[in-house]
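Commentary on secondary and tertiary structure
The lines below spell out each chain.
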Amino acid sequence: DTAVSQTPKYLVTQMGNDKSIKCEQNLGHDTMYWYKQDSKKFLKIMFSYNNKELIINETVPNRFSPKSPDKAHLNLHINSLELGDSAVYFCASSAPGTWGEAFFGQGTRLTVV
Amino acid sequence: AQTVTQSQPEMSVQEAETVTLSCTYDTSESDYYLFWYKQPPSRQMILVIRQEAYKQQNATENRFSVNFQKAAKSFSLKISDSQLGDAAMYFCAYRSRGRGGSEKLVFGKGTKLTVNP
C-alpha cells in the first residue's frame, strides 16, 4: 500500500483554469505538507497542516488554497492558473515523535500552457 | 531564517568508487535535524540518512555515511562502493526541532550525481 499518494501524477491545463490536487496518507500522521519543486529542482514549503489546522503558510499567492477535510487528507486547489505555476507539487506527511521524518508522495507534475 | 547550501550542482563517480557530497547550513538554533534525500528520475523523494544535531556520532546507513561537523555547520554525505542505482539528485535538508506542524524542511538546491559504469 502506498503510504502517501497524490492524484493526479500529471496535470496539463490552460492558463486561467482552476485545478485541484489530492493527497492521502495512510500512516496515521498528524501533520501534512505541500512542497513545490520548481524547474530548477528547488524544493520549498508551501503549507503545513496539523490535525486539519493550518500551521504554515509560506507567502503563497491567494490563488492557492489548501484544504484538509481530515488529518489523512490534504488537497490543494489552485485558481486562475498561470504559466509560472508549472512545477512539481509534493505532498508529505511527518511522523509523530522526535524525528518528524517526512514521507513524500510521488509528486504531481503540473504544466500550465 | 535557516539556509542550506549545496555548493556542487553536479558530481560524477565511477562505479564502485567513493564520492562525497557537500552541504553547509546556517542556523542560530542548537538542536535540529539534518537529512539527505535522494530523488531518482522517478521523482520520488527517498530518505537516505538522518542526523540529530545533539548526537556527536556520525550516522551510517549501509554504504551511506555522513560527516557531521556541528561547529562548522557542515553535513556531508559519503557514498561508498557507488552503484548505478545511486544516480540521482541528492538534497540536503534541515529541520527545526519544532512540533505540531511547524517543523518544515529547508532544502538545499541539490547535487546531481552521475555514476559511470
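Residues numbered from 1 in each chain as written. Chains lettered and ligands numbered in written order. Predicted model: local features only at pLDDT ≥ 70, side-chain atom pairs only at ≥ 80, totals over all residues. Heavy atoms only, no water.

The helix and strand inventory of chain B stands at zero helices and 12 strands. Ordered by position from the N terminus, the helices and strands of chain B form the series β-β-β-β-β-β-β-β-β-β-β-β. For 117 residues, the compact-globule estimate of 2.2 N^0.38 gives 13 Å, and chain B sits close to it at 14 Å. With the principal axes as the frame, chain B shows a C-alpha extent of 45 × 30 × 25 Å. The 117 residues of chain B split such that 49% are buried. Of the contacts made within chain B by residues no fewer than 6 positions apart, 55% connect residues no fewer than 24 positions apart. Carbon and sulfur atoms provide 45% of the accessible area of chain B, an area that totals close to 5,700 Å². Computing the positive centroid from 14 side-chain charges and the negative centroid from 11, chain B places the two 6 Å apart. (Helix = DSSP H or I, 4+ residues; strand = E, 2+ residues; numbered from the N terminus. Rg over C-alpha atoms; globule rule 2.2 N^0.38 Å. Buried < 20%, exposed > 50% of the residue type's maximum accessible area, 1.4 Å probe, protein only. Contact = heavy atoms within 4.5 Å. Areas by Shrake-Rupley, 256 points an atom, 1.4 Å probe, with all protein chains shown as cover. Lys, Arg positive; Asp, Glu negative; His and termini not counted. Charge placed at Lys NZ, Arg CZ, Asp CG, Glu CD.)

Residue and element names in this part refer to chain B. A large share of strand β10 (residues 88-96) lies buried, amounting to nine of its nine residues. Direction of pairing for strand β5 (residues 32-39) relative to β10: antiparallel, over a ladder of eight bridges. Residue pairing in the sheet places Tyr32 in a bridge with Ser96 of β10. Bridge count for β10 against strand β12 (residues 111-116) is three bridges, and the pairing is antiparallel. Residue pairing for β12: Tyr90 is matched across the bridge by Thr111. Here β10 pairs with strand β11 (residues 105-107) via three bridges, running antiparallel. (Pairing = 2+ DSSP bridges.)

As a further point, take the sheet that holds strand β8 (residues 73-78) of chain A. Residues and elements named next belong to chain A. Strand order in the open sheet formed by four strands is β1-β3-β8-β7, and the pairing between neighbours is antiparallel. Here the strands that pair on one side only, and so sit at the sheet edges, are β1 (4-7) and β7 (64-70). Neighbour to neighbour, the strand axes of the sheet diverge by 20° on average, direction disregarded. One ladder, built from four bridges, connects β1 with strand β3 (residues 19-25); its direction is antiparallel. Looking at β3, one finds that Ser5 is bridged to Glu24. (Axes fitted to C-alpha atoms, helices over the stretch in contact; angles between N-to-C directions.)

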